[in-house]
Amino acid sequence: MATSVPKTMKGVIIEKNGGTEVLQYKTDLPVPEPKEGQVLVKNDFIGINYIDTYFRTGLYPAPSWPYILGREAEGTVVKSGGGDIHGLKDGDHVVILAEGTYAEYTAAPAAKAAKIPDGLEPKIAAGALLQGLTALTMIRESYHVQKGDWILVHAAAGGTGLWLVQLLKAVGARTIGTASTQEKVDLAKKAGAEIVINYSHEDVKAKVMELTGGAGVAAVFDGVGKTTFDLSLDVLARKGSMVSFGNASGAPAPLEVKVLTAKNVKLSRPTLFNAIFTREEYEGYTKELFDVILKDKLDTRIHEVYPLSEVARAHNDLEGRKTTGKLLLDPSK
């Protein structure tokens with residue numbers, strides 16, 4: 001039996017760039033019509049990501065106006081647009097990577113809608129998807145981590161950092177994390193880092209070299225950028241891999257390629273969307289992530305579930321660095 005779908009919905013649009021004042025909560029937006037190869041999903045929980053603030057401020061250009069923000073959600077398939085929808089049917093519980101998720105309904109490409117396994121609690125899929133997949137694809141592809149490898153993770157208590165630490169522990173790596181406060185040090189240790197260096201008063205390079213017997217680490221996962229890049233190269237072992245995946249402190253300075261020759265270093269700058277470009281990649285990695293969450297009881301830290309109507313408060317909290325863990329929106333409120 002087809003689910004009856006209303007004509008209008010609640011959602012958040014922007015009609016210009018700016019601060020949180022440009023976020024408009026509406027109750028009468030048209031429900032999108034799924035096109036061929038798309039499914040219409042009634043969202044239960046919506047993930048908030050830093051990229052959403054970039055589209056709001058204009059750092060990244062919105063493709064058209066008015067624009068509904070959002071990149072991920074979990075919910076239920078209520079309608080399909082026909083064509084190849086990868087075996088999905090009405091009533092399937094899915095997690096989606098799609099534009100326009102700050103709303104009750106999203107028309108999502110079926111290729112980027114993956115079924116959520118029965119054992120996974122509500123909120124976990126939306127809470128884990130982007131950061132969990134980012135971490136998982138990097139430890140598989142940017143550098144294929146082996147059991148016993150020494151690995152350095154900067155900002156180990158950050159969103160992606162905590163996922164890296166947990167997944168590295170699950171594959172048997174020896175993880176060294178860096179963090180700036182005692183609270184964050186404790187958080188990273190609880191997540192599975194063997195050693196966490198408080199860089200506000202400890203010498204990261206000296207400590208890493210001491211721990212690895214002077215050899216250095218097999219790989220560095222660096223989402224900080226400008227302030228850590230040179231240090232990261234310094235602490236790599238011979239044939240080590242430098243994985244630069246974010247610019248929290250600004251973009252690293254341009255690099256002279258010849259600096260990599262000193263230790264035969266491999267440098268990569270991965271982005272998640274290239275790692276999960278095909279249906280097979282997205283479905284495969286999503287399944288692997290959910291399997292490891294269930295098997296190893298990984299912690300999907302949910303900071304808070306905000307009513308969709310309070311989206312401005314959520315953006316303020318995220319940008320004010322007041323949060324640890326994932327921020328979600330509830331479109332029913």
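Conventions used here
Residues numbered from 1 in each chain as written. Predicted model: local features only at pLDDT ≥ 70, side-chain atom pairs only at ≥ 80, totals over all residues. Heavy atoms only, no water. Helix = DSSP H or I, 4+ residues; strand = E, 2+ residues; numbered from the N terminus. Rg over C-alpha atoms; globule rule 2.2 N^0.38 Å. Buried < 20%, exposed > 50% of the residue type's maximum accessible area, 1.4 Å probe, protein only. Contact = heavy atoms within 4.5 Å. Lys, Arg positive; Asp, Glu negative; His and termini not counted. Charge placed at Lys NZ, Arg CZ, Asp CG, Glu CD. Domains from an automatic or database assignment. Buried area = accessible area lost by both parts, 1.4 Å probe. Salt bridge = Lys/Arg side-chain N within 4 Å of Asp/Glu carboxyl O. Polar contact = N/O pair within 3.5 Å; in protein donor to acceptor, adjacent residues only side chain to side chain. Nonpolar A, V, L, I, M, F, W, Y, C, P; charged D, E, K, R; others polar. UniProt positions renumbered as here; feature names shortened; annotations may be inferred. 1 Å grid on protein atoms, 1.4 Å probe; cavity = no way out; pocket = protein on both sides within 12 Å on 5 of 7 lines; lining within 4 Å. Points joined across faces, edges and corners; volume = space filled by probe spheres on them. Axes fitted to C-alpha atoms, helices over the stretch in contact; angles between N-to-C directions. Parallel < 35°, antiparallel > 145°, perpendicular 65-115°, else oblique. Left-handed = near helix turned anticlockwise from the far one by under 90°. Pairing = 2+ DSSP bridges. Patch = residues over 30% accessible without salt bridge, like charges linked within 9 Å, V, L, I, M, F, W, Y side chains within 5 Å. Areas by Shrake-Rupley, 256 points an atom, 1.4 Å probe, with all protein chains shown as cover.

Examining the overall build of the chain
And then number 1: A tally of helices and strands in the chain yields nine helices and 16 strands.
And then number 2: Here the chain has a C-alpha radius of gyration of 21 Å; the compact-globule value for 333 residues is 20 Å, and the two agree.
And then number 3: Every one of the 333 residues in the chain was classed for burial, and the buried ones make up 50%.
And then number 4: A fraction of 67% describes how many contacts in the chain between residues 6 or more apart in sequence connect residues 24 or more apart.
And then number 5: Averaged over its 39 positive side-chain charges, the chain has a centre that lies 3 Å from the centre of its 40 negative ones.

Thoughts on the domain arrangement of the chain
And then number 1: Once the domains are mapped, the chain shows domain 1 (8-115 + 301-330) and domain 2 (131-273).
And then number 2: Spacing between the C-alpha centres of domain 1 and domain 2 amounts to 31 Å.
And then number 3: Opposite the four residues of domain 1 that make contact, domain 2 presents four residues.
And then number 4: On the domain 1 side of the contact with domain 2, Leu97, Arg301 and Thr324 bury the most area, a combined 60% of that side's loss.
And then number 5: For the pair domain 1 and domain 2, the interface holds zero salt bridges.
And then number 6: Remark: the boundary between domain 1 and domain 2 carries zero residue pairs in polar contact (both at pLDDT 80 or more).
And then number 7: Grouping the amino acids of the side of domain 1 that touches domain 2 by side-chain chemistry returns one nonpolar, one polar and two charged.

Brief notes about the UniProt feature "domain: Enoyl reductase (ER)" (unreviewed entry) in the chain
And then number 1: The UniProt entry lists residues 18-329 under the feature "domain: Enoyl reductase (ER)" (unreviewed entry), expressed in the numbering used here.
And then number 2: Secondary structure across residues 18-329 divides into 30% helix and 27% strand, with the first and last C-alpha atoms of the span separated by 20 Å.

Some points on the layout of surface pockets
And then number 1: Considering only enclosed or pocket space, the second largest pocket measures out at about 420 Å³ in volume.
And then number 2: Taken together, 20 residues make up the lining of the second largest pocket; nearest its centre are Pro32, Ile68, Glu99, Gly100 and Ala107.
And then number 3: Those elements that place two or more of their residues in the lining of the second largest pocket are β1 (8-14), β2 (24-30), β4 (67-68) and β7 (105-109).
And then number 4: Per-element accounting of the lining of the second largest pocket gives the leading share, four residues, to β7.
And then number 5: Grouping the constituent residues of the lining of the second largest pocket by class yields 13 nonpolar, four polar and three charged.

Describing the packing of helix α2 (residues 124-142) against helix α3 (residues 159-170)
And then number 1: Relative to each other, α2 and α3 sit at 55°, their axes nearing to 9 Å. Looking at the two axes, α2 sits oblique to α3. In the packing of α2 onto α3, the handedness of the crossing is right-handed. Along the contact surface, α2 presents Gly127, Ala128, Gln131, Gly132, Thr134, Ala135, Leu136, Met138 and Ile139, while α3 presents Gly159, Thr160, Trp163, Leu164, Leu167 and Leu168.

Some points on the pairing of strand β5 (residues 72-80)
And then number 1: With eight bridges connecting them, strand β3 (residues 38-47) and β5 associate as antiparallel partners. Pairing of Gly47 across the sheet is with Glu72, part of β5.

Some remarks on the side chain of Gln38
And then number 1: By the element assignment, Gln38 lies in strand β3.
And then number 2: Here the side chain of Gln38 touches Lys35 through a polar contact of 2.8 Å, landing on its backbone nitrogen.
And then number 3: In contact with Gln38, not counting residues within four places along its chain, are Glu33, Ser80, Gly81, Gly82, Ile85, Ala107, Ala108, Pro109 and Ala110.

Focus: a nonpolar patch on the surface
And then number 1: A surface patch of nonpolar side chains, about 210 Å² in accessible area, is lined by Leu255, Val259 and Leu267.
And then number 2: Residue class for Leu255 comes out partly exposed when judged on its relative accessible area of 32%.

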